[in-house]
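Chains, contacts and geometry: an overview
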Amino acid sequence: MITMKTSKYIIPALLLFTTWSNAQTVDQNVTVEREYKPVIQDAGKISSVPEVMNPNAEKIAAKYTEFNLPLTVGQNIHTLSAAELGHQQRKNPNDAFVKVGIGNYFNNTVDFALPIIKKTDLKLDLKLNHLATFSQEAHSSTNASLALDKYFKKSNLYSGIGLGHEYFNYYGNEYNKTGSITDLSSLAVSEGSNEYLEQNLVRINRTANKFKLDEIVKSENDVFWRFNTHLGIRSLPYTTGVRYVGEVEYKLFDSRNGLTENMIHTRAGFNSQNGKNRLGLELSMQNMMYKSDIASTIINVWDAYTVFSMNPYYRKKKKKWNVRLGVKSSFSFVHGRPFNPSPDISAEWKAVPKWLDFYAGVGGGYNVNTLDEMFKENRFLHSDLRVKDTYTPVSAYFGIKVKPVYNLLLDAYVNYRYIDNQYFFINKDYSAVAGTVLANPNDSIIYSNRFNVIYSAASLVKVGLRANYNIRNLINIQLKGAYNGWTVYDTDMAWNMPKFEADLAADWRFNRNLSFSGNMFFESERYAKLGDLIMTMKPKVDVNIGASYSYLNWLTIFAKVNNILNNRYENFYGYKVQGLNILAGAAISF
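Reading guide: rules and limits
- Residues numbered from 1 in each chain as written.
- Predicted model: local features only at pLDDT ≥ 70, side-chain atom pairs only at ≥ 80, totals over all residues.
- Heavy atoms only, no water.
- Helix = DSSP H or I, 4+ residues; strand = E, 2+ residues; numbered from the N terminus.
- Areas by Shrake-Rupley, 256 points an atom, 1.4 Å probe, with all protein chains shown as cover.
- Buried < 20%, exposed > 50% of the residue type's maximum accessible area, 1.4 Å probe, protein only.
- Contact = heavy atoms within 4.5 Å.
- Pairing = 2+ DSSP bridges.
- Salt bridge = Lys/Arg side-chain N within 4 Å of Asp/Glu carboxyl O.
- Polar contact = N/O pair within 3.5 Å; in protein donor to acceptor, adjacent residues only side chain to side chain.
- Phe/Tyr/Trp six-rings, centres within 6.5 Å; stacked < 30°, edge-to-face > 60°.
- Lys NZ or Arg CZ within 6 Å of the ring centre and 35° of its normal.
- Core = buried A, V, L, I, M, F, W, Y, C linked by side-chain atoms within 4.5 Å.
- pLDDT = per-residue confidence, 0-100.
- Arc of directions from axis to C-beta.
- Lys, Arg positive; Asp, Glu negative; His and termini not counted.
- Patch = residues over 30% accessible without salt bridge, like charges linked within 9 Å, V, L, I, M, F, W, Y side chains within 5 Å.
- Charge placed at Lys NZ, Arg CZ, Asp CG, Glu CD.

Remarks on the overall build of the chain
When its secondary structure is counted, the chain shows three helices and 30 strands. Carbon and sulfur atoms make up 61% of the accessible area of the chain, which amounts to about 25100 Å² in all.

What about the environment of His382?
Counting through the fold element by element, His382 comes out in the loop between helix 3 (371–377) and strand 18 (390–402). Of the residues examined, His382 reaches a relative accessible area of 8% and is grouped as buried. The spacing of His382 and Arg450 is 68 residues in sequence and 5.0 Å in space, taken between C-alpha atoms. Ignoring any residue separated from it by four or fewer positions in sequence, one finds His382 in contact with Lys218, Phe375, Lys428, Tyr430, Arg450 and Phe451.

Some points on the pairing of strand 13 (residues 277–291)
Sheet analysis places strand 12 (residues 260–274) next to strand 13, joined by 15 bridges and oriented antiparallel. Along strand 13, the bridge assignment pairs Met263 with Met288. Where strand 12 folds back on strand 13, the antiparallel hairpin that results is connected by two residues, among which Gly275 adopts a positive phi of roughly 70 degrees. Where strand 13 lies against strand 14 (residues 305–317), eleven bridges are found, and the strand directions are antiparallel. Each bridged residue has a counterpart across the sheet, and for Ser284 the counterpart in strand 14 is Ser309.

Here we look at the pattern of salt bridges
Scanning all chains against the criterion turns up 17 salt bridges. Between Asp121 and Lys150 there is a salt bridge whose closest N-O contact spans 2.9 Å. In this pair, Asp121 sits in the loop between strand 2 (108–118) and strand 3 (122–133) while Lys150 sits in strand 4 (residues 139–151), placing the two residues 29 residues apart along the sequence. A cluster of three or more residues bridged by salt bridges with shared partners is formed by Glu166, Arg226, Lys251, Asp372, Glu373 and Lys376.

Side note on unusual backbone geometry
Positive phi, normally seen in glycine, also occurs at Asn421, with a value near 60 degrees. You can see Asn421 is positioned in strand 19 (residues 408–432). In the Ramachandran plot, Asn566 falls in the positive-phi region, its phi being about 55 degrees despite a non-glycine side chain. Take Asn566: it is sitting in the loop between strand 27 (555–562) and strand 28 (570–572).

Some points on the side chain of Ser332
Here Ser332 shows up in strand 15 (residues 321–333). For Ser332, a relative accessible area of 4% corresponds to the buried category. At a separation of 3.4 Å, a polar atom in the side chain of Ser332 contacts the side chain of Tyr366.

Some words on the environment of Tyr167
Within the secondary structure, Tyr167 is located in strand 5 (residues 155–169). In the structure, Tyr167 is positioned 54 residues away from Asn221 in sequence and 7.4 Å away in space, judged by C-alpha atoms. Among residues more than four places away in sequence, those in contact with Tyr167 are Ala138, His139, Ser140, Asn221, Asp222 and Val223.

A look at the packing of aromatic side chains
All told, the structure shown has 30 aromatic pairs when counted by the stated rule. Ring geometry for Tyr171 against Tyr575: centres 4.9 Å apart, planes inclined by 85 degrees, an arrangement best described as edge-to-face. Placement of Tyr171 in the loop between strand 5 and strand 6 (174–176) and of Tyr575 in strand 29 (residues 575–576) is noted, with a sequence separation of 404 residues between them. Side by side, Tyr171 and Tyr575 carry an identical accessibility label, which is buried. Each member of the aromatic cluster is reached from another via a ring pair, and the members are Phe168, Tyr170, Tyr171, Phe224, Phe253, Phe375, Phe380, Tyr423, Phe425, Phe451, Phe572 and Tyr575. In this structure, Lys150 packs its charged tip against the face of Phe152, placed 5.6 Å from the ring centre.

Side note on the nonpolar core
Counting residues in each nonpolar core, the largest one holds 29 residues, and the members touching the most others are Phe380 and Phe425. Counting residues per element, the ones that place at least two in this core are strand 13, strand 14, helix 3, strand 19 and strand 20 (445–471). By size, the runner-up hydrophobic cluster in this structure holds twelve residues, among which are Tyr196, Ile216, Leu438 and Ile446.

Re the pairing of strand 1 (residues 97–103)
Relative to strand 2, strand 1 runs antiparallel, the two being bridged by six bridges. Paired with Val100 across the strands is Val110, a residue of strand 2. The antiparallel hairpin formed by strand 1 and strand 2 contains four residues in its connecting segment, where Tyr105 sits at a positive phi of about 60 degrees. Where strand 1 and strand 30 (residues 581–589) come together, seven bridges link them in antiparallel fashion. Following the sheet pairing, Phe97 is matched in strand 30 by Ser589.

Brief notes about the confidence of the model for the chain
Mean pLDDT over the chain: 82, with 82% of residues reaching 70 or higher. Under a pLDDT of 50 for its full length, residues 1–94 has, in the predicted model, 348 contacts with residues more than four places off or in other chains.

Considering helix 1 (residues 184–191)
Taken together, the buried positions of helix 1 are occupied by Leu184, Leu187, Ala188 and Glu191. Burial along helix 1 is one-sided: seen end-on, the buried residues are contained in an arc of 105 degrees. With respect to the buried face of helix 1, the exposed residues turned more than 90 degrees away are Val189 and Ser190. Taken together, the buried residues of helix 1 touch strand 6, strand 7 (181–182), helix 2 (213–216) and strand 20.

Quick notes on the environment of Thr370
Its place among the elements puts Thr370 in the loop between strand 17 (356–367) and helix 3. Along the chain, Thr370 and Met288 lie 82 residues apart, while their C-alpha atoms are 8.4 Å from each other. Ignoring anything within four residues of it in the chain, the contact list for Thr370 reads Glu261, Met263 and Met288.

Describing the side chain of Asp503
The residue Asp503 is located in strand 22 (residues 500–509) in this model. Lys480 is the oppositely charged side chain nearest to the buried, salt-bridge-free Asp503, at an N-O distance of 5.5 Å.

Brief notes about a positive patch on the surface
Residues Lys276, Lys317, Lys318, Lys319, Lys320 and Lys350 make up a contiguous surface patch of positive charge. Residue placement: Lys317 occurs in strand 14.

As structure tokens, this is what we get:
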């Protein structure tokens, strides 16, 4: 799925290998193992669970040992990253740098990183980032963070604080009941007093309301503020005996036109050693609190609630195989299902070490769909929408990894998931109240450029393949592809979900100073829901190329050409991405 994560703007992401936001160690080898992205890495956790493939995710990139080698261009990002500032651990005491880029559509990017303290056992990092477009489709994301790491003999104490600001406008199309594009702002000039009743409202603390048309036509833009801080301690990976991790995190999400969310997330885990085997327990508690400055009659404000989860497990590890046996249990108080169990079983068998590996498992889990996360996935959601939490009682998978020749990895898998309360994005709709006189009868139903969600029990069969090939760190090629077989039970289609998706990316280091990169991604046609209408969205096909040149040890210049095919596809119905765009700039280390 980039997860992410999908978006509206095609803006390049040109990330320095010294950027701590990727938390990567500068290494002269290209990683060719399957990706695994736990929230908190338990020191004894099996890393064979397949990451359900997201073709928009950042690709594996070649990494070099010296800054004066070319800046890697990286993969084009088709969304401006939300200002999320989690814990960023620096693994190497790299020098400071600043990077500036500018392009057409008034696209611009600025990165700044400064290691304030660079001691062996103490590190303090400052990071600033800005990424924006100031064209008609305005969007700006700016964030800053400060991260501290203190190392002891067997443990690591870490803390941090971050602040983010996001500005954007609602530039997408609006529609009437025939699916024709309309302009609600213009319509409100002459018919602003007409009343409409909102449809498909997921009731929380209010029923569906009537709105005058000029009340539906709200602000043309919005502002999100994000703040987080955290404090944690964990044992170092080589620790023998008991390994542990504990963290407390506070997050604030505030929308100028909508809700404010406060979350306190407490996590803890430990496992004890018994030979090469481990017995462990992971605990998590999320406390969610909501408020709004908008009158309660026109806003959905959720009651405060808590989700508590625990995951006991036993892991047995041998030279050629390992297995994890556990169970997850989540308890949601006030909202949703009170008890949400799922298995936690996984196994891996190195049938022929170094070139043939089988893995399988049965998992699942309960996911809290916070405002913070949902507005990253789709920032055009209606301002008072709080998406229900998602429960996956079972997610079974089987896969095989093969290295038929040196530096070539093939990873194929099949994944089946059953999902309770799977959400799908639809344009928020309103219906004129009885007796309303309209100049155009087709305006009796209108669809705004904000999004609502509808829910359905669903199952998903996903068949995926990833291939990665590297030639002496000079050429790195990665291909991802997946088939998504959705079955939904309470609606007509899996709205906005592609059946096929693929991503091809490559890097070529021409010489010590010059490198090139390219990326192409594809998603097959998707479908949008406008009332009883089914609207076809054309496939996403996006091709991007870039180059970087290291002129001096401290100076790198770069350029990126995105969406070469000028394909104005839509990530969400009514919102077209930018066409062909170019970004160029320079990075300076000091």
